[in-house]
Amino acid sequence: MLSITLDAICSRNRYTQDPAPVIAELYATAGDRLDILTESVGIWVGFFEEAHIITLCTALRELPGLEPWIALGANRRAQPDHRTPGARPGASWPEQRA
């Protein structure tokens with residue numbers, strides 16, 4: 001539950017131009033669970049980092065110990081979308097398209 005809350009804090013503040021209050025809120029919410037803070041924020045940065053939210057991501061990257069989690073988030077972002085396999089040859093449904 002804490003990880004979800006931390007992700008939500010990052011997401012709702014993604015376009016901020018003043019990341020200091022966001023970081024303070026993250027620390028206050030995480031309390032003594034800095035392990036969960038590091039994991040959640042690192043994965044969030046790795047997955048969502050882009051030009052539109054660079055101010056927050058740059059500030060979050062200053063938190064210690066994020067690098068392995070950022071790599072994991074970036075890896076998850078690079079995974080292909082889940083898809084339903086196409087119809088096998090000879091199947092009557094779904095309709096095969098030429």
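Residues numbered from 1 in each chain as written. Predicted model: local features only at pLDDT ≥ 70, side-chain atom pairs only at ≥ 80, totals over all residues. Heavy atoms only, no water.

Comments concerning the overall build of the protein
Okay, so step 1: Within the protein, the secondary structure is distributed over five helices and zero strands.
Okay, so step 2: Ordering the α and β elements of the protein from the N terminus gives α-α-α-α-α.
Okay, so step 3: Buried residues in the protein amount to 30% of all 98 residues.
Okay, so step 4: In the protein, the share of contacts with a sequence separation of at least 24, taken over all contacts with a separation of at least 6, comes to 64%.
Okay, so step 5: Surface summary for the protein: the accessible area is close to 6900 Å², and the carbon and sulfur share equals 56%. (Helix = DSSP H or I, 4+ residues; strand = E, 2+ residues; numbered from the N terminus. Buried < 20%, exposed > 50% of the residue type's maximum accessible area, 1.4 Å probe, protein only. Contact = heavy atoms within 4.5 Å. Areas by Shrake-Rupley, 256 points an atom, 1.4 Å probe, with all protein chains shown as cover.)

What to know about the state of the cysteines
Okay, so step 1: On inspection of all chains with the given rule, the structure shows zero disulfides.
Okay, so step 2: No disulfide involves cysteine 10; its sulfur sits 8.2 Å from that of cysteine 57, the nearest cysteine.
Okay, so step 3: Looking at cysteine 57, the relative accessible area reads 0%, which means it is buried. (Disulfide = S-S within 2.5 Å.)

A short note on the nonpolar core
Okay, so step 1: Within the largest apolar cluster, 19 residues are counted, with the highest numbers of intra-cluster contacts made by Leu26, Val41, Trp44, Val45 and Leu60.
Okay, so step 2: Contributing elements (two or more residues each) for this core: α1 (2-12), α2 (20-30), α3 (34-48) and α4 (54-60).
Okay, so step 3: Those residues in contact with tryptophan 44 that sit more than four places away from it in its chain are Asp7, Cys10, Ser11, Arg14, Glu49, Ile53, Leu56, Cys57 and Leu60. (Core = buried A, V, L, I, M, F, W, Y, C linked by side-chain atoms within 4.5 Å.)

Comments concerning the side chain of threonine 16
Okay, so step 1: As for its position among the elements, threonine 16 is in the loop between α1 and α2.
Okay, so step 2: Engagement of the side chain of threonine 16 in a polar contact is seen with the backbone nitrogen of aspartate 18, the distance being 3.0 Å.
Okay, so step 3: With near-sequence residues (within four places) excluded, threonine 16 lies in contact with Val22, Thr55 and Leu56. (Polar contact = N/O pair within 3.5 Å; in protein donor to acceptor, adjacent residues only side chain to side chain.)

Considering the packing of aromatic side chains
Okay, so step 1: Using the criterion set out here, one finds two aromatic pairs in the structure.
Okay, so step 2: Ring plane angle 40 degrees and centroid distance 5.4 Å describe the contact between tryptophan 44 and phenylalanine 48, whose orientation is recorded as tilted. Linking tryptophan 44 with phenylalanine 48, this pair stays in helix α3, spanning four residues, or about one helical turn.
Okay, so step 3: According to the relative accessible area criterion, phenylalanine 48 is partly exposed, its value standing at 34%.
Okay, so step 4: Relative to phenylalanine 48, the ring of phenylalanine 47 lies with its centre 4.9 Å away and its plane at 70 degrees, an arrangement referred to as edge-to-face. (Phe/Tyr/Trp six-rings, centres within 6.5 Å; stacked < 30°, edge-to-face > 60°.)

Section: the packing of α3 against helix α5 (residues 67-78)
Okay, so step 1: The interhelical angle for the contact between α3 and α5, taken along N-to-C directions, is 40 degrees, at an axis separation of 6 Å. In terms of axis orientation, α3 runs oblique to α5. Handedness of the α3/α5 crossing: right-handed. Of the residues in α5, those touching α3 at Thr38, Glu39, Gly42, Ile43, Val45, Gly46, Phe47 and Phe48 are Trp69, Ile70, Leu72, Gly73, Ala74, Arg76 and Arg77. (Axes fitted to C-alpha atoms, helices over the stretch in contact; angles between N-to-C directions. Parallel < 35°, antiparallel > 145°, perpendicular 65-115°, else oblique. Left-handed = near helix turned anticlockwise from the far one by under 90°.)

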